Structures are given as C-alpha cells and as structure tokens.
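Examination of the molecular architecture
Chain residues, written in single-letter form:
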2 protein chains.
Amino acid sequence: MSKQTVKVGLFGLGTVGGGVAELLLQEEKRLQEALGAELVLAKACDLDASLASGLGLPKERFTTNAADILHDPEIDIVVELIGGTKVAKDIVMGALNAGKPVVTANKALLATFGAEVFGLASQKSLKIAFEASVGGGIPLIRSMREGLAANRITSCLGILNGTCNYILSRMSAEGADFDAVLKEAQTLGYAEADPTFDIEGMDTAHKLAILATLATGRFPQVKDIAVEGISGISAQDITFARETGFVIKLLAVFHRHGEHAELRVHPALVDRNHLLASVNGPFNAVFVSGDWVGDIMLYGAGAGRRATASAVVADILDLAREKVNGCRFTAPNLGRAALNLSPLELTPIAQVSGRYYFRFTAKDQPGVLATIAAILGKQGISIETVLQKGRQETGGAVPIIILTHEASEQAMQNALKEIDAQPVITEPTKVIRVV
Amino acid sequence: MSKQTVKVGLFGLGTVGGGVAELLLQEEKRLQEALGAELVLAKACDLDASLASGLGLPKERFTTNAADILHDPEIDIVVELIGGTKVAKDIVMGALNAGKPVVTANKALLATFGAEVFGLASQKSLKIAFEASVGGGIPLIRSMREGLAANRITSCLGILNGTCNYILSRMSAEGADFDAVLKEAQTLGYAEADPTFDIEGMDTAHKLAILATLATGRFPQVKDIAVEGISGISAQDITFARETGFVIKLLAVFHRHGEHAELRVHPALVDRNHLLASVNGPFNAVFVSGDWVGDIMLYGAGAGRRATASAVVADILDLAREKVNGCRFTAPNLGRAALNLSPLELTPIAQVSGRYYFRFTAKDQPGVLATIAAILGKQGISIETVLQKGRQETGGAVPIIILTHEASEQAMQNALKEIDAQPVITEPTKVIRVV
C-alpha cells in the first residue's frame, strides 16, 4: 500500500518548538512506525531565521510569514508554540478557520480564551490538542479526558510550576532563604530573569483553569481564582512546618461543590506522608480524585525542551491518526460530546473552609498567647498545635506557630485582622493553608 | 439528531464485572454526555444467575450462554472479565472472529497468549483494549501507548501487586513478620485465601510481560522471566534495609538493552528518597523512563471493584467512539501501525548486573567477616556497607548485612554458593537486589 503523508506546520522554534522540530526530524522512522504513514515537518515559522538553520531545517521549509502555513492547503496540522495570547490567538483561530486541527502548549491562551478557542474548534468539528499545556511531558490531559472518562472528577491537587517547586525543595533541603535560592535557580535556568509570573502563582493559575475545564467541561474566569505565590515563605516557615509534620508546596487546588467549584493557588502545608510531599525539584505532579477511580497521581517533568516535545508530538500523532484513518474527532476536545460554553461558577474563597498554619510575631511578654487564643476562640477557631520558640535575637520578638482545626476562611480572615491590630503583634502574621 | 446506541455484551459479573455493570447502569447519563450516544449494557453472561439479580439487571438482559452475546449481531463491543486463560480465551477469540472489538482486564491471557490474541485482532482490524489489565484504575496503558508514543521506552519499574505492597508496607510500619501480616491481609480481603499467585510474583510477572510488549511491540515468554516472591522477606530484612536508607518493595523491572530486554520480578531495596518508596498500602505505581520524556510515574489503586471498573469503562468509551464516529482503529492496539509477532528476546538474568544486599547468618566467632569478604573479593564484588549486629538469642548465630557495589548476577551467584558452603554459615544467605 502506498504510504500516506501527514504534513505539520510549526509556529515557534524557541525552547519547546525547537525540541519538537528536533523530535520530528530525528525520530522520523519511529514516528512512521507508530503512525503507519509519513509524518513530516513541512514548514516552520519564526521571526528569528537563525533558529531554523541551527536545527538543520532546510531553507525552503522555513518561513517568517504565518500565511505560508495557515493558507497552505497541504498542511494538515498546525502546531502553535509561540506562547502569549495575542499573535498565538490569531494563529490558533486562523488555523481553525482554515479547517486545520491544532496542537498547542499555550496555557495562557486556553485559560484566558478557552470558551472562544474551544467554541470555534467545536463549531468547525476540529480537534485542538493541548497535552503540553499542563504538566509538560506528563500524559495528564489525555488521562483526564479519556482515561478517567467514566468518572466525575471531584478534586485535583497539583504541583504545576517547576520553578516554585525547585525553590521550595531547595529551601527545605538547605534551610536557605527564598531570595538566595531564587538567585541560584535563575543561574541554573530553573527560573526566568523576571520570575514574577511563576513565583506569584499566575502560571499555576492558568494550568489550574485548564484542569478545571477538563474536570467540569466549563470555563472558569482566571481573574476569579484566588492566587498567592511563594515569595512570602520564609526558611522559618519551612522549619516550623517540618516540626509539625508537614512540607510546604505551591498547590493548585480544585474541589467540586455540586455545580460550583473551588479554585485556588497558594502555598500549602502538605502532610509529609502524602505522596505530593515527596515530589521535589523541578518536577510536577497532580493528584486527581474521581468518584470511581479513587485517587491517582501522575508525576514527571513539568517543563523542559525534550519532555514538552514528547507531549506535543503525542498530540500530533493523535491528530495525524485522524487523517490516516479517515475520521475526525475521535475523542472530543474536552471529553464531552457537546460543548457547554457557560462559565464555571466559583465558590468564593471566603466560603471555603480548611485548616491553617499561623506564624505570629509578637513581643516576648506574658499574656500574648492568651490574647491570640482568645481572638481565635471568639471566631470559633480551635487550636490543634502550638509551637512557641525561645527568645530571638532580633529585638525581643518571638514567633508563635499555631495550627488550627478546620475553620472557615472568613473566620480566619476576621481573626487575622483583629490579631494583627494588637499592639503586642510586631509584624503582619503569616498564614499558610493546610491541605 | 437521532441518538445512536452502542450495545455492550459483558462476560463475568464477579468483583470487576459487577462493578462495570454498576457503572454502566448507574452513570448512564454521564456516559451518554461523554459519548454523544447511548451506551447500553445489552446483555451480561455469567454461570451464576444470582449475580445478575443482585445488580438489578433485568432477566432478559442476562444469559448463561456465551453464544447469546457472541452471535448477537446487535452487540457492538464484547467485555471479557471472567479471567483465566481457557474459557476467557475462547470468548475473546470468538468475539474477534465474530467481528466485535474486545475490552479485557485479563492479564494472564494477554501475557500468555498475547501474540495469538493481538495477531487475530490485527488480522481482523479490530481493537482490543486492556487498560484494566495492569495497574487497575491507573490510566497506564493509554499513557504508554499514546501519551508516550514519541518515545523509546528505556525502562519501567513497577509496584504492580497490591497484595504484596500491602504486606510489605505493614511489615515495614509495624516490624511485623510476613506470616502474621499475610493472615491479617487475608482477613481484610487484601489477599486471597490461596495467595501464592500474588505473593510468589506470578501476577506481577504477567503484568510486566504486558508492559514489555507495550514498550517494545514484541512478546516475551512469561516462563523466561526471572521471578522471586516476597515470602522469604523477614522483619529483620526490612529493619536492616531501613538502617541503610532503603525500603523493600516487590518490583517488576524492565530495562531495554538494544533489541533485547531485561525482565525480572523480585523484592528490591529502593532508596527511601525514590518516589516509589513512598507508595504504600494496596496501591500500585509505575515509574517509566523514555528517551524524550525522561521519568514519569503513575500511581493509583491497582485493584478493587470501582477503580478497575473505571478503567474498563474508559476502554468501552474508546471503542464506542469508533462506532459513533464511523471509523475503526484510532490508535493501534500496541501503539504501532504494524504488528511484529516475533518474540521479545530476554537478556538472561546471569548477564545482568546490579547492587546486592546480603544477609548472612553465621556463627558468632572471629574471622567470619574476613572469610565472607575474601570470597566476595575473589568474585570481584566490592563492599559498600557492612552492618554487623551484636549476639542474638538463638544459639549464637549473628546476622551480617553487606551492601555491595555494582557486580554481575553471575559473580553474586558464585559468591553465594561458596559462602553458603562455609561451616561458619548456619543458614542459607538471603540476597535482595538493589535498584
């Protein structure tokens, strides 16, 4: 039988795009064996032509003009790996409008314009595959969309940002402070020159929005997600957490409450016996609970050239199979036959309840603990553990650590406000949620 | 548009089959939303009619005659959950011969008759889905087949038997002996009345054979896999392992060596910082390495009614989509377009090298350690750690623990033979491999 050919048009030859180009060029034979057809990188587009020559891509397979891919009737699949939500959106929408299925790793685009992008794909009966948008090389998206298809997903807890997990792991291993470890992470390439987007939790929030869309079939507003980053975590917090049996991780949290969902991103105390507590370094992991499967966890490299290319090319193969087999839309983009474009309504974080870690900084004088305990009691917050350390060097202020039993976020906020207004409290109190 | 209907014929209403029937009956609406068509349990077959009534399955949807499903032209998908390799094989081959795609959880069948079963499925261009055959509810098979499709899988390390992992975890947590924990596991339903198949490693070997087939596209002979169970592990071994920084797990090991593969099942010392060391209780986990993705790990319930049903119904949905979308064979059964029926050649375990834990039991007299060390040295085995404990109560025999550096299995076997022949050695030496 004569071999079919599937032609890929690739946007972006940066870290991930370059890795995808390498994989397609180097593993031609393996991919052909998997597909039963030739898979060809027909054309790549980037503003920087030097990237193409660095990859050994022939001149005629490179362009700086998007239309050369989008309007080429021979291109079967468009791969968008330029990132951002402006040009990337034009490319993705342009490809769909031209009748081409799309592979993208663009979490910001899908989290922000998910309804629009999936809406157009559905209208055109085209596939949009996005395995690499969350968890890098981990086969997470297809596991949730297909592997857990019989389940109602009730919760997800994710370590979704390698930069943050690397920093927290190093702080934990070395007792080092945030700033020192961040600087080291930047030197080693684990953190960007401007790390704000990662360390303040926005990258994690985008990925959480995508997981929530997969879990519910609806679209949350990213701006409504409660987000707190890791820059306020001190070496002290990590030490105190360890002494009470916990490690600190930046977590993405999804809990379903009927038709609503609780979505939040924040540092969290994780029990040291929980499997997520053992996920260290730049790795990612997601703990998913379904009503039939129970708990599963998927772990792997959440970023990086080769791991992310692995996920992108898995998606390309999926889409290529649709051409080879002559059928479209094997599994629906979000695992449901019909698309529901209504927004996912979020439970306000004030209505959520949980356990809390408080680090109070107070004058070292009698009655302080009584004052704090009385205010917590008034808000109905009961104390599980108190850890009070001896006098510090710095001006007689002492840290008091309190771990609470379950209480509402509102009660916690009320107590926090009242406690921080006490004259004996010398610094704003640090609160970390316990999961 | 008028709704299509996909009809399922189910063999076996035991633990897993009953769970699948429940899922199909209880989650009808959810499955219809996923599929965009009705998914109906049209007929179930079991020798025990009381199982059907217990599930509330109407009488007309139950039969004790296999032909009522296999020869019903209205049945679209056959699900085989009776286990074993005799009747189950007839059913699977019969379904394929009747042109029906098959879902099965039958690891013994696929491990033993894989070439025959996949060969017939390929010849008939039919899908055979087997997510539940390894790792219960964990979406492992589709992750390897599709999610890692761009990779050459270089190794897998798996905790694949919940009974063994439960027993080893309890022994580790409580310092209890094997026999006591096994008895408890039987009472709690974590171990069978005859636990031989689980605790002697055969169940794990079947699952390993399936993973090796997915990783290489070829078929190992199960009888050639080196298999050792956990019944020889003592509370002492677990304690000594902990003191040297390890935990003991029953592992399935796959390593690729060019076109050959190393396949073995045995208790192993796992570094306590490895993620697999934190997998406790009846859970399963598989650590997979690919040349692009790096290391990933998948974790979850490896058995149980609901978790396994989740995996089986995910497969049913996949196959049902092929009918709904009007196309066959979306992803090939083993991830490769062409089936290679040649056997997977195994590297003999004598050629494998690794590190070893030895527990010698010797008379408490001068010169014993020198004797052992000399024999190890003669075989080129160098010692990493020695742990010698004080005199024991039982007749003056003392345990001597030695952890070695990397050495060949052959050298280890030679040394073992010579050491056990020494008059100062009072009991056969226990060897555990280190991974």
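The structure presented is a predicted model; accordingly, all values stated were derived computationally and were not measured. (Residues numbered from 1 in each chain as written. Chains lettered and ligands numbered in written order. Predicted model: local features only at pLDDT ≥ 70, side-chain atom pairs only at ≥ 80, totals over all residues. Heavy atoms only, no water.)

Side note on the overall build of chain A
Per the secondary structure count, chain A includes 15 helices and 17 strands. The C-alpha radius of gyration computed for chain A amounts to 24 Å, which stays within 12% of the reference 22 Å derived for 435 residues, consistent with globular compactness. Considering only C-alpha atoms, chain A reaches an extent of 85 × 45 × 35 Å along its principal axes. In chain A, which comprises 435 residues, the proportion classed as buried is 58%. Long-range contacts, defined as pairs at least 24 residues apart, comprise 73% of the intrachain contacts of chain A with a sequence gap of at least 6. Charge centroids of chain A, computed over 41 positive and 47 negative side chains, lie 3 Å from each other. (Helix = DSSP H or I, 4+ residues; strand = E, 2+ residues; numbered from the N terminus. Rg over C-alpha atoms; globule rule 2.2 N^0.38 Å. Buried < 20%, exposed > 50% of the residue type's maximum accessible area, 1.4 Å probe, protein only. Contact = heavy atoms within 4.5 Å. Lys, Arg positive; Asp, Glu negative; His and termini not counted. Charge placed at Lys NZ, Arg CZ, Asp CG, Glu CD.)

Let's talk about the environment of A314 of chain B
Following the sequence through the fold, A314 of chain B ends up in helix α13 (residues 305-325). Between the alpha carbons of A314 of chain B and L31 of chain B there is a distance of 9.7 Å; along the sequence they are 283 residues apart. When neighbours within four sequence positions are excluded, A314 of chain B is seen to be in contact with E146 and G147 of chain A together with R142 of chain B.

Describing the relation of the copies chain A and chain B
Overlaying chain A with chain B gives an RMSD of 0.0 Å, the required rotation being 180° about an axis along which the chain moves by 0.0 Å. On this basis, the relationship between the two copies can be described by a two-fold rotation axis. Taking C-alpha positions as reference, the residue of chain A nearest the rotation axis is L298 of chain A, located at 2.3 Å. A symmetric contact is evident, with 100% of the interface residues of chain A recurring at the interface of chain B. (Least-squares fit on C-alpha atoms with pLDDT ≥ 70 in both.)

Considerations on the pattern of salt bridges
What the rule picks out here adds up to 54 salt bridges over all chains. The partner of E116 of chain B in a salt bridge is K89 of chain B, and the shortest N-O contact between them spans 2.9 Å. Taken together, the positions of E116 of chain B in helix α6 (residues 107-123) and K89 of chain B in helix α5 (residues 87-97) put the pair 27 residues apart, joining distant regions of the chain. Look at K89 of chain B and you get buried, because its relative accessible area is 16%. Note that D224 of chain B is salt-bridged to K223 of chain B, the shortest N-O span being 3.3 Å. Given the relative accessible area of 44%, D224 of chain B is considered partly exposed. Using a relative accessible area of 64% as the deciding quantity, one classes K223 of chain B as exposed. If you follow the salt bridges from partner to partner, you end up with E131, R142, D315, D318 and R321 of chain A in one network. (Salt bridge = Lys/Arg side-chain N within 4 Å of Asp/Glu carboxyl O.)

Let's talk about the nonpolar core
Grouped together as the largest cluster of nonpolar side chains are 166 residues, with contacts concentrated most on I167 of chain A together with I167 of chain B. The contact partners of I167 of chain B, leaving out residues within four places of it in the chain, are F178, V181, L182, A185, I199 and I230 of chain B. Within the second largest apolar cluster, 37 residues are counted, among which are V6, A37, A132 and A311 of chain B. (Core = buried A, V, L, I, M, F, W, Y, C linked by side-chain atoms within 4.5 Å.)

Things to note about the confidence of the model for chain A
Residue-level pLDDT values for chain A average 94, and 98% of them are 70 or greater. Scored as a complex, the prediction yields pTM 0.96 and ipTM 0.95. (pLDDT = per-residue confidence, 0-100.)

Some words on the interface of chain A and chain B
Contacts between the two partners involve 57 residues from chain A, matched on the other side by 57 residues from chain B. Taking both sides of the interface into account, the surface hidden between chain A and chain B amounts to around 4,400 Å²; carbon and sulfur atoms contribute 58%. Looking at the side of chain A facing chain B, the largest losses of area belong to R30, W292 and Y299 of chain A, adding up to 18% of the total buried there. Among the salt bridges present, the one from R30 of chain B reaches D291 of chain A, with a minimum N-O distance of 2.7 Å. (Buried area = accessible area lost by both parts, 1.4 Å probe.)

Brief notes about helix α14 (residues 368-378) of chain B
Residue and element names in this part refer to chain B. What α14 keeps buried is the set V368, I372, I375 and L376. Looking down the long axis of α14, one finds its buried residues gathered within 100° of arc, a one-sided arrangement. More than 90 degrees from the buried face of α14, the exposed residues found are A370 and K378. In this structure, the buried residues of α14 make contact with β13 (353-363), β14 (383-388), β15 (397-404), α15 (409-420) and β17 (425-434). (Arc of directions from axis to C-beta.)

Quick notes on the sheet that holds strand β6 (residues 128-129) of chain A
All names here are of chain A. Sheet architecture is open: six strands sit in the order β3-β2-β1-β4-β5-β6, paired in parallel fashion. With partners counted over all chains shown, the strands left at the sheet margins are β3 (62-63) and β6, one partner each. For strand β5 (residues 102-104) and β6, the ladder comprises two bridges, and the chain directions are parallel. The residue of β6 that forms the bridge with V103 is A129. (Pairing = 2+ DSSP bridges.)

Remarks on the sheet that holds strand β3 (residues 62-63) of chain B
Read across the open sheet, the six strands follow the order β3-β2-β1-β4-β5-β6 (chain B); overall the sheet is parallel. In the strand order of this sheet, the two ends are held by β3 and β6 (128-129) of chain B, each with one partner.

Brief notes about unusual backbone geometry
Residue and element names in this part refer to chain A. The phi dihedral of S125 falls on the positive side, at around 50°, and the residue is not glycine. Here S125 shows up in the loop between α6 (107-123) and β6. Its relative accessible area of 39% is what places S125 among the partly exposed residues.

Structural notes on helix α12 (residues 235-243) of chain A
Owing to its 3.6 residues per turn, the α-helix brings residues three or four apart onto one side. All of the buried residues in α12 of chain A are A235, D237, I238, F240 and A241 of chain A. Two residues or fewer after α12 of chain A comes G245 of chain A, characterised by a positive phi angle close to 95°.

Concerning a nonpolar patch on the surface
A cluster of nonpolar side chains, L369, I383 and V386 of chain A, forms an exposed patch at the surface whose accessible area comes to about 190 Å². Within the element layout of this structure, I383 of chain A appears in strand β14 (residues 383-388). (Patch = residues over 30% accessible without salt bridge, like charges linked within 9 Å, V, L, I, M, F, W, Y side chains within 5 Å. Areas by Shrake-Rupley, 256 points an atom, 1.4 Å probe, with all protein chains shown as cover.)

Considering the side chain of T429 of chain B
All names here are of chain B. Position of T429 relative to the elements: it lies in strand β17. In this structure T429 comes out as buried when scored by relative accessible area, which is 10%. Ignoring any residue separated from it by four or fewer positions in sequence, one finds T429 in contact with F358, R359, F360, L416, I419 and D420.

Structural notes on the packing of aromatic side chains
In the structure shown here, the tally under the stated rule is twelve aromatic pairs over all chains. Relative to F219 of chain A, the ring of F118 of chain A has its centre 6.0 Å away and its plane inclined at 40°; by these criteria the two rings are tilted. One end of the pair, F118 of chain A, is in helix α6; the other, F219 of chain A, is in the loop between α11 (202-216) and β8 (226-227), with 101 residues separating them in the sequence. Pairing Y299 of chain A with F287 of chain B gives two aromatic rings, centres 6.3 Å apart and planes at 35°, and the pair type is tilted. With Y299 of chain A in strand β12 (residues 294-301) and F287 of chain B in strand β11 (residues 283-290), this pair bridges two chains. (Phe/Tyr/Trp six-rings, centres within 6.5 Å; stacked < 30°, edge-to-face > 60°.)

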